[in-house]
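Residue-level listing of the chains:
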Amino acid sequence: MRKYLILASLFLAACNQAADTVAPAESPAETDTNGAAETEASAAYKTLDGTPPIIIAHRGASGLYPEHTLKAYQTAIDQGADFIEPDLVMTKDGVLVANHDGYLSDTTNVSEHAEFTDRKTVRKTPMGDLDDWWSDDFTLAELKTLKAIQRVEGRSHEHDGQYDIATFDEIIDLVLENAEAGRPVGLHIEAKWPANFSAAGLDMVDPILNTIRERGLVEAGIPIFIQCFEPTFLAQVAAKSDLPLIQNLVGPPYAALLGLDMKLEDIPTMGVGAHKAMILTPEGGTTDYVARAHELGKIVHVYTVRDDEPAEGFDSAEQELKVLIEAGVDGIWTDYPETAINVRDEAE
C-alpha cells in the first residue's frame, strides 16, 4: 500500500511543476531552509501520508457541463484536478462507456429518439424497480446517436445536446494527450453495479484491467484507483491486479439495504470511499471516522462536495471543504474541482 501513497505524493508534486523546468542551484543553507519549510507545510495536513488531499473531478467538471463528457473531463483537467472520475458501464456489444448508473433517461436525450421507444424496460436496481433505457440494451453505435444532458436539477442546460457519450478508450486518449502536453491527471475509475452486467453476460473485471494494460497506463505514469460499491467485484480485481482499490460505502439506512454495512476493520482494500455524512455532522463538525481509518492504515476519499448543495450544517461548499481538509481526508470528490483546488491551496 505504501508504494501507492508515495506514487500519489510524487504525482501531486509533478502537477505543480512544469515537466521541463530545471531548478537553479542552491546553497546548502538554502536547501536546508526550503526543506524545513516543505516539512512544515506537509505537517499541516492530517492525511495518512501528510501530503495534500487529492481533488477528484466527480464525472469531470459536472457542475458546469453534462457529466462524463469529454468536455467535462477536459475542463476539470484545465482547472487542475488531480484525478478525473469515469463511472463505467457496458454496451450490448461489450464496450466500456462512461455513464452514471447504466440507465440513460437523466443523462442523455434518449427520450427524444422515437426509434428507441420500445427499448424502455423495467429492471430491478439496488434502490428498487426502475422503468428506463439501459446501456446494455444498446450497441455503441446506437449510443453514439444520443447526446448528453445535464442531470442535476437547477443547473444550466445550455450545453445539452452538444456532446457524445464517451467511451473508456476516448477518456484514456484524453488523459494521455494531456499528460504529453504537461497536464498530468490520474484516473479514479468506478465500476457501476458490475453484478448487473455480469448477470447479463457482460463481466467487467477483465475488460477494465485489459484496457488499462493494453493502453499502457501504468507504464505511462498515470495514477489509477479502481473503486466500486460491490466487495465481490473488488475482490475479483484484487485477484488479478495490484492496482489500489477503494471500497465505496454508504451510510445508514442504505448501508444495510445494499449489503454495505461494513466495519472499517473488515474492509480489505487500501482505502474507502465514504459518504460525507460519515465524516461531517449536521452541526458543522466532524466525527472520528477519518482518524479511525488512518489508525488502520487506510486512506479516506469522501464524496461528493457541490458548490450548489452544501452539506447540512454548512453555509457554503468552501466552508465544507475546509472542515473536510482539517479532518484529514485523503481525497475529495467534487462536481466543481476549481473551488476545491482553491480551498486546498489556501490551506497550504
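Everything quoted here is computed from the prediction, not taken from an experiment.

Asks: Sorry if this is basic, but what is going on with the overall build of the chain here?
Replies: Assigned secondary structure in the chain consists of twelve helices and twelve strands. Out of the 348 residues in the chain, the part that is buried amounts to 51%. For the chain, contacts bridging at least 24 residues in sequence account for 69% of all contacts bridging at least 6. With an accessible surface of roughly 15,800 Å², the chain has 51% of that area assigned to carbon and sulfur atoms.

Asks: So what exactly am I meant to see when it comes to helix H11 (residues 317-327) here?
Replies: Given 3.6 residues to a turn, an α-helix orients residues that are three or four positions apart in the same direction. Those residues of H11 that sit buried are Ala-317, Glu-320, Leu-321, Val-323, Leu-324 and Ile-325. In this structure, the buried side of H11 is in contact with strand S11 (299-305), strand S12 (331-334) and helix H12 (337-347). Of the residues trailing H11, Gly-328 is marked for its positive phi of about 95°.

Asks: Is there a simple way to think about the pattern of salt bridges in this case?
Replies: Should their charged atoms come close, side chains of opposite charge can pair. Within this structure, the stated rule accounts for 22 salt bridges. Asp-82 serves as the salt-bridge partner of Arg-344, at 2.6 Å between the closest nitrogen and oxygen. Here Arg-344, found in helix H12, pairs with Asp-82, found in the loop between helix H3 (70-79) and strand S2 (83-85); they are 262 residues apart in sequence, far enough to count as distant. No difference in accessibility class separates Arg-344 from Asp-82, as the two residues are buried. Note that Asp-206 is salt-bridged to Lys-240, the shortest N-O span being 2.7 Å. Taken together, the positions of Asp-206 in helix H7 (residues 205-214) and Lys-240 in the loop between helix H8 (231-238) and strand S9 (245-248) put the pair 34 residues apart, joining distant regions of the chain. The class for Lys-240 is exposed, based on a relative accessible area of 54%. Taken together, the shared-partner salt bridges connect Arg-59, Glu-67, Asp-87 and Arg-151 into one network.

Asks: How should I be thinking about the side chain of Thr-75 in this particular structure?
Replies: Tracing the chain through its elements places Thr-75 in helix H3. Residue class for Thr-75 comes out buried when judged on its relative accessible area of 12%.

Asks: Even after reading the chapter, I still don't get the environment of Leu-324, so can you show me in this structure?
Replies: Along the chain, Leu-324 falls in helix H11. Sequence separation between Leu-324 and Val-305 is 19 residues; the distance between their C-alpha atoms is 9.8 Å. With residues up to four places along the chain from it excluded, the contact list for Leu-324 reads Ile-279, Leu-280, Val-302, Val-305 and Val-329.

Asks: Explain the nonpolar core here, please?
Replies: The nonpolar side chains of soluble globular proteins are, as a tendency, buried together. Counting 49 residues, the largest nonpolar core has Ile-84, Leu-187, Met-204, Ile-208, Ile-212, Ile-226 and Phe-233 as the members making the most contacts within it. Sorting the residues of this core by element identifies H3, strand S3 (87-90), strand S4 (96-98), helix H5 (168-180), strand S7 (186-191), H7, strand S8 (224-228) and H8 as the ones contributing at least two each. Broken down by element, this core gets its largest block of residues, six residues, from H5. Not counting residues within four places of it along the chain, the set of residues in contact with Ile-226 comprises Ile-189, Ile-208, Leu-209, Ile-212, Phe-233, Leu-234, Val-237, Leu-243, Pro-244, Leu-245 and Ile-246.

Asks: Explain the packing of H5 against H7 here, please?
Replies: Between two packed helices, both the angle of their axes relative to each other and the distance between the axes serve to describe the pair. Their axes nearest at 11 Å, the elements H5 and H7 cross at an angle of 30°. Here H5 is positioned roughly parallel relative to H7, judged by the angle of their axes. In terms of crossing hand, the pair formed by H5 and H7 is right-handed. Along its contact with H5, which presents Phe-168, Asp-169 and Ile-172, the element H7 presents Ile-208, Thr-211 and Ile-212. Considering only residue class, the contact of H5 with H7 consists of four nonpolar, one polar and one charged.

Asks: It is not clear to me how the pairing of S3 should be interpreted in this structure. Could you clarify?
Replies: Side-chain direction in a regular strand flips from residue to residue, so the side chains alternate between the two faces of the sheet. Of the two faces of S3, the one lined by Asp-87 and Val-89 and the one lined by Leu-88 and Met-90 are each fully buried. Here S3 runs beside S4; their pairing, made up of three bridges, is antiparallel. Within the sheet, the bridge partner assigned to Val-89 lies in S4 and is Val-97. Hairpin connection between S3 and S4: a loop of five residues separates the two successive antiparallel strands, and Gly-94 in this loop has a positive phi of roughly 75°.

Rules used throughout
Residues numbered from 1 in each chain as written. Predicted model: local features only at pLDDT ≥ 70, side-chain atom pairs only at ≥ 80, totals over all residues. Heavy atoms only, no water. Helix = DSSP H or I, 4+ residues; strand = E, 2+ residues; numbered from the N terminus. Buried < 20%, exposed > 50% of the residue type's maximum accessible area, 1.4 Å probe, protein only. Contact = heavy atoms within 4.5 Å. Areas by Shrake-Rupley, 256 points an atom, 1.4 Å probe, with all protein chains shown as cover. Salt bridge = Lys/Arg side-chain N within 4 Å of Asp/Glu carboxyl O. Core = buried A, V, L, I, M, F, W, Y, C linked by side-chain atoms within 4.5 Å. Axes fitted to C-alpha atoms, helices over the stretch in contact; angles between N-to-C directions. Parallel < 35°, antiparallel > 145°, perpendicular 65-115°, else oblique. Left-handed = near helix turned anticlockwise from the far one by under 90°. Nonpolar A, V, L, I, M, F, W, Y, C, P; charged D, E, K, R; others polar. Pairing = 2+ DSSP bridges.

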